[in-house]
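What the coordinates show
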Amino acid sequence: MRLAGARVLVTGASSGIGAATALELSARGARLVLSGRDQDALAGVAARTGGEMLPADLSDPSADLAVRAGRVDVLVACAGEGWSGPLTRMSGGTAERMIAVNLTAHVQLTRLLLPGMLERGRGHLVYVASIAGVVGVREEAVYAATKAGLLVFAESLRYELPPVDGAGVDGKGVGVTAVVPGVVDTPFFARRGRPYTRRRPEPVPPERVARAIATAVERDRAEVYVPAWLRVPARLHGAAPGVFRVLARRFGRP
Ligand SMILES: NC(=O)c1ccc[n+]([C@@H]2O[C@H](COP(=O)([O-])OP(=O)(O)OC[C@H]3O[C@@H](n4cnc5c(N)ncnc54)[C@H](OP(=O)(O)O)[C@@H]3O)[C@@H](O)[C@H]2O)c1
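Residues numbered from 1 in each chain as written. Predicted model: local features only at pLDDT ≥ 70, side-chain atom pairs only at ≥ 80, totals over all residues. Heavy atoms only, no water.

**A word on the sheet that holds strand β7 (residues 223–226)**
Spatial strand order, β3-β2-β1-β4-β5-β6-β7: 7 strands in an open sheet with parallel pairing. Edge strands, defined here as strands with exactly one partner in the open sheet, are β3 (52–53) and β7. In the packing of helix α2 (residues 39–49) onto the sheet, contacts are made with β2 (31–35) and β3, and the angle to β2 comes to roughly 175 degrees. (Pairing = 2+ DSSP bridges. Helix = DSSP H or I, 4+ residues; strand = E, 2+ residues; numbered from the N terminus. Contact = heavy atoms within 4.5 Å. Axes fitted to C-alpha atoms, helices over the stretch in contact; angles between N-to-C directions.)

**Description of the packing of helix α1 (residues 16–27) against α2**
As a packed pair, α1 and α2 sit with axes 9 Å apart at the nearest point and diverge in direction by 15 degrees. Comparing their axes, α2 and α1 come out roughly parallel. Every pair of crossing elements has a handedness; the one defined by α1 and α2 is right-handed. In this structure, α1 contributes Ala 19, Ala 22, Leu 23 and Ser 26 to the contact, and α2 contributes Val 45, Arg 48 and Thr 49. Class assignment for the residues of the contact of α1 with α2 results in 4 nonpolar, 2 polar and 1 charged. (Parallel < 35°, antiparallel > 145°, perpendicular 65-115°, else oblique. Left-handed = near helix turned anticlockwise from the far one by under 90°. Nonpolar A, V, L, I, M, F, W, Y, C, P; charged D, E, K, R; others polar.)

**Some words on the nonpolar core**
Leu 9, Leu 113, Leu 125 and Tyr 127 are the most contacted members of the largest nonpolar core, which has 37 residues in total. Listing elements by their share of this core, those giving two or more residues are α3 (65–69), β4 (74–77), α4 (92–120), β5 (122–128), α6 (141–160) and β6 (173–181). It is α4 that provides the largest number of residues to this core, a total of 6 residues. Apart from the residues within four sequence positions on either side, Leu 113 is in contact with Leu 9, Ala 66, Gly 70, Val 72 and Leu 75. In this structure, Val 10, Leu 32, Val 45 and Cys 78 belong to the second largest nonpolar core, which totals 32 residues. (Core = buried A, V, L, I, M, F, W, Y, C linked by side-chain atoms within 4.5 Å. Buried < 20%, exposed > 50% of the residue type's maximum accessible area, 1.4 Å probe, protein only.)

**Description of the packing of aromatic side chains**
In total, this model carries 4 aromatic pairs according to the counting rule given. Ring geometry for Tyr 127 and Phe 153: centres 5.6 Å apart, planes at 80 degrees, overall edge-to-face. A residue pair is termed long-range when its members are at least 10 positions apart, and Tyr 127 in strand β5 and Phe 153 in helix α6 qualify at 26 residues. Take Tyr 127: its relative accessible area is 1%, and that puts it in the buried class. (Phe/Tyr/Trp six-rings, centres within 6.5 Å; stacked < 30°, edge-to-face > 60°.)

**Considering the side chain of Lys 147**
By the secondary structure assignment, Lys 147 is in helix α6. For the buried Lys 147, no salt bridge exists, and the shortest N-O distance to an oppositely charged side chain is 10.0 Å, to Glu 140. If near-sequence neighbours (up to four positions away) are discounted, Lys 147 is found in contact with Asn 102, Val 128, Ala 129, Ser 130 and Gly 133. (Lys, Arg positive; Asp, Glu negative; His and termini not counted. Salt bridge = Lys/Arg side-chain N within 4 Å of Asp/Glu carboxyl O.)

**Description of the site of the ligand**
Near the ligand there are 33 residues, and of these Ser 14, Ser 15, Asp 38, Tyr 143 and Thr 186 occur at the shortest range. One nitrogen or oxygen atom from the side chain of Glu 81 is found 2.7 Å from a nitrogen atom belonging to the ligand. In this structure, Lys 147 approaches the ligand through a side-chain N or O atom, which is 2.8 Å from an oxygen atom. Broken down by secondary-structure element, the contributors of at least two residues to the shell around the ligand are α1, α4, α6 and α7 (188–192). Among the elements that line the shell around the ligand, the one with the most residues is α7, at 3 residues. A class-by-class count of the residues in the shell around the ligand yields 16 nonpolar, 10 polar and 7 charged. (Near = heavy atom within 4 Å. Polar contact = N/O pair within 3.5 Å; in protein donor to acceptor, adjacent residues only side chain to side chain.)

**Here we look at the layout of surface pockets**
The computed volume of the second largest pocket comes to approximately 250 Å³. In this structure, the second largest pocket is lined by 15 residues; those nearest its centre are Leu 58, Asp 60, Pro 61, Ala 105 and Gln 108. Put simply, the parts of the chain that give the lining of the second largest pocket at least two residues each are α3 and α4. Among the elements that make up the lining of the second largest pocket, the one with the highest residue count is α4 (7 residues). Considered class by class, the residues forming the lining of the second largest pocket number 9 nonpolar, 3 polar and 3 charged. (1 Å grid on protein atoms, 1.4 Å probe; cavity = no way out; pocket = protein on both sides within 12 Å on 5 of 7 lines; lining within 4 Å. Points joined across faces, edges and corners; volume = space filled by probe spheres on them.)

Structure follows, in structure tokens:
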């Protein structure tokens, strides 16, 4: 889909990957609708992109973001929260909230934005998931479950929607992209309460994920791993789950 002139709603646009994506999309000519909670941070991104601000707390089902956003050609579902630790130490409220923000809010947003895209005959949906949702991660069970949910939501929707013809030009159809980042250098880890302290894999800059997202929309890519080598553990997990589990138990400690 051509990004120039497209109206793009980015959730999580106030920080990290979402903010970098807003800047990248704006550089490619998109018109931005920026959502997040931190109004000062959103204003900073709005000033650099000329985007419209739409503050919302996605844990609140009454946030009504879809109605307030109006026409949306591309949704970048990026807002997300993490939490790390043994499941027995996680409160019910934290689990519920994470599922609401990472998964439910984006399912509902999609449900409400899709009719407009179908009516116009074109659109694109991008879901920022995580490698955690493909292979699972010790002490991040609920987070990983929300991201697995997004991945299979995207995969299923792709079967249901009219396929894109003429990617890169103004093709008809509604594209769906699942983004699978590994470790990205953003405030995510500090905010979840457990900083990232491993030496490897080395965090990638959020701008790299942002470029991958923009290109995926333009070329209608179904799935994007960032960095690309992350496909290897994902494939190993699919092809030889027993071997993967042995390796993950040995090397996958936080
Ligand atoms: N960093 C990584 O290594 C990594 C790896 C894989 C996947 N991801 C995913 O990438 C996405 C972006 O994360 P990031 O790394 O860029 O982290 P980040 O810098 O912490 O950004 C998270 C974004 O989500 C928004 N958000 C969080 N809770 C929200 C809520 N209740 N309502 C509305 N917005 C909310 C935040 O808005 P406010 O700041 O305004 O509250 C912020 O814009 C997340 O879905 C994350 O799971 C990150």
